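Chain and residue survey
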Amino acid sequence: MEDRVSISISDGIADVRLVRVDKMNALDAAMFEALVAATDRLSKEKGLRVVVLSGEGRAFCAGLDMGRFAAMKEKGGNGVPGGEKRDLTVRTHGKANFPQQAVWGWRQLPVPVIAAVHGVAFGGGFQLALGADMRFLSLDARMSIMEIKWGLVPDMAGTPILASLVRDDILRELTYTGRIFSAQEAQSYGLATRVCDDPRAAALEVAREIAGKSPDAIRAAKRMLNNLSVDPAAALLAESVEQQKLLGSPNQTEAVRANLEKRAPRFTDA
């Protein structure tokens, strides 16, 4: 876990860092495992008041490791952790499957989570930021619901969270196009809590403020606010069902090949 995610705790504040710097904190099997392990550990941490989640190096998280897409092209794998043909519809963590838990686990923590995002947060990296209660973005941050580029749909718990944040037509446009958008756009869409020069410093400052409040009231507030949303179970399962059908299908494989070979895709109609 330590070669993917580091955790230091002081005065009730957990400073959680993605540390796969050489790959812009991209999501490989080990990163998925480390993220799930991190939320499992933090959920049991006594005296925890607040969490700050950030990435070291040039980016918050560049999304799924390119090696996963290469595996889809060469072996027809589905790109999930471990590389095997995992049944995504199986619920491994309550309402969520294993990849979803890498995001949903932050939402489930009993304390607030602040994501400090710089550089890029693409695809699964963007969904990871969505797992936080708040998102502080650097001025140059760029984000994307990028799954459509690879012939896929968002399937890491992003859709039920996005539905509570973004106007429906904006969400559809971002999902259908996969276009990259700026921190300023993210704030106008409701996806950024703040845009600031140093998001991690700002997040830690707010974390210290939260840590000074009654821990009972803070935890009660998170339980209350989590219950404002419609039960996400159906949305999480719908993500998995749709993704399961797409993974390894002819057009999805063609999307991967075309991107890796830097050519226009040749899709077939259903």
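Above this note sits the structure.
Residues numbered from 1 in each chain as written. Predicted model: local features only at pLDDT ≥ 70, side-chain atom pairs only at ≥ 80, totals over all residues. Heavy atoms only, no water.

Considerations on the packing of helix 1 (residues 29-43) against helix 3 (residues 98-108)
Interaxial distance between helix 1 and helix 3 falls to 9 Å at its minimum, and their mutual angle equals 40°. With respect to their mutual orientation, helix 1 and helix 3 come out oblique. Crossing angle aside, the handedness with which helix 1 passes helix 3 is left-handed. Here Phe32, Glu33, Leu35, Val36, Ala38, Thr39 and Leu42 of helix 1 lie close against helix 3, whose contacting residues are Phe98, Pro99, Gln101, Ala102, Gly105 and Trp106. By residue class, the composition of the contact of helix 1 with helix 3 is nine nonpolar, three polar and one charged. (Axes fitted to C-alpha atoms, helices over the stretch in contact; angles between N-to-C directions. Helix = DSSP H or I, 4+ residues; strand = E, 2+ residues; numbered from the N terminus. Parallel < 35°, antiparallel > 145°, perpendicular 65-115°, else oblique. Left-handed = near helix turned anticlockwise from the far one by under 90°. Contact = heavy atoms within 4.5 Å. Nonpolar A, V, L, I, M, F, W, Y, C, P; charged D, E, K, R; others polar.)

Some points on the sheet that holds strand 7 (residues 142-144)
Remark on secondary structure: sheet strands pair via backbone hydrogen bonds, oriented parallel or antiparallel. In space, the three strands of this open sheet follow the order 5-7-8, with mixed pairing throughout. A strand with exactly one partner marks an edge of an open sheet, and here the two such strands are strand 5 (120-122) and strand 8 (181-182). Pairing analysis gives three bridges linking strand 5 to strand 7, with the strands arranged parallel. Along strand 7, the bridge assignment pairs Val120 with Arg142. (Pairing = 2+ DSSP bridges.)

With respect to the side chain of Gln252
Note that Gln252 resides in helix 11 (residues 250-260). A distance of 3.0 Å separates a polar side-chain atom of Gln252 from the backbone nitrogen of Gly248. (Polar contact = N/O pair within 3.5 Å; in protein donor to acceptor, adjacent residues only side chain to side chain.)

Some details on the pairing of strand 6 (residues 134-138)
Among the five residues that make up strand 6, five are buried, leaving the element largely enclosed by the rest of the structure. Neither face of strand 6 is left uncovered, since the one carrying Met134, Phe136 and Ser138 and the one carrying Arg135 and Leu137 both have all their residues buried. The sheet contact formed by strand 4 (residues 113-117) and strand 6 spans four bridges and is parallel. Paired with Ala116 across the strands is Phe136, a residue of strand 6. Sheet topology places strand 6 next to strand 9 (residues 194-196); three bridges connect them, and they run parallel. Residue Phe136 lies in a different strand from strand 9, and its bridge partner there is Arg194. (Buried < 20%, exposed > 50% of the residue type's maximum accessible area, 1.4 Å probe, protein only.)

So far we have only geometry, and geometry alone does not tell us how the molecule works.
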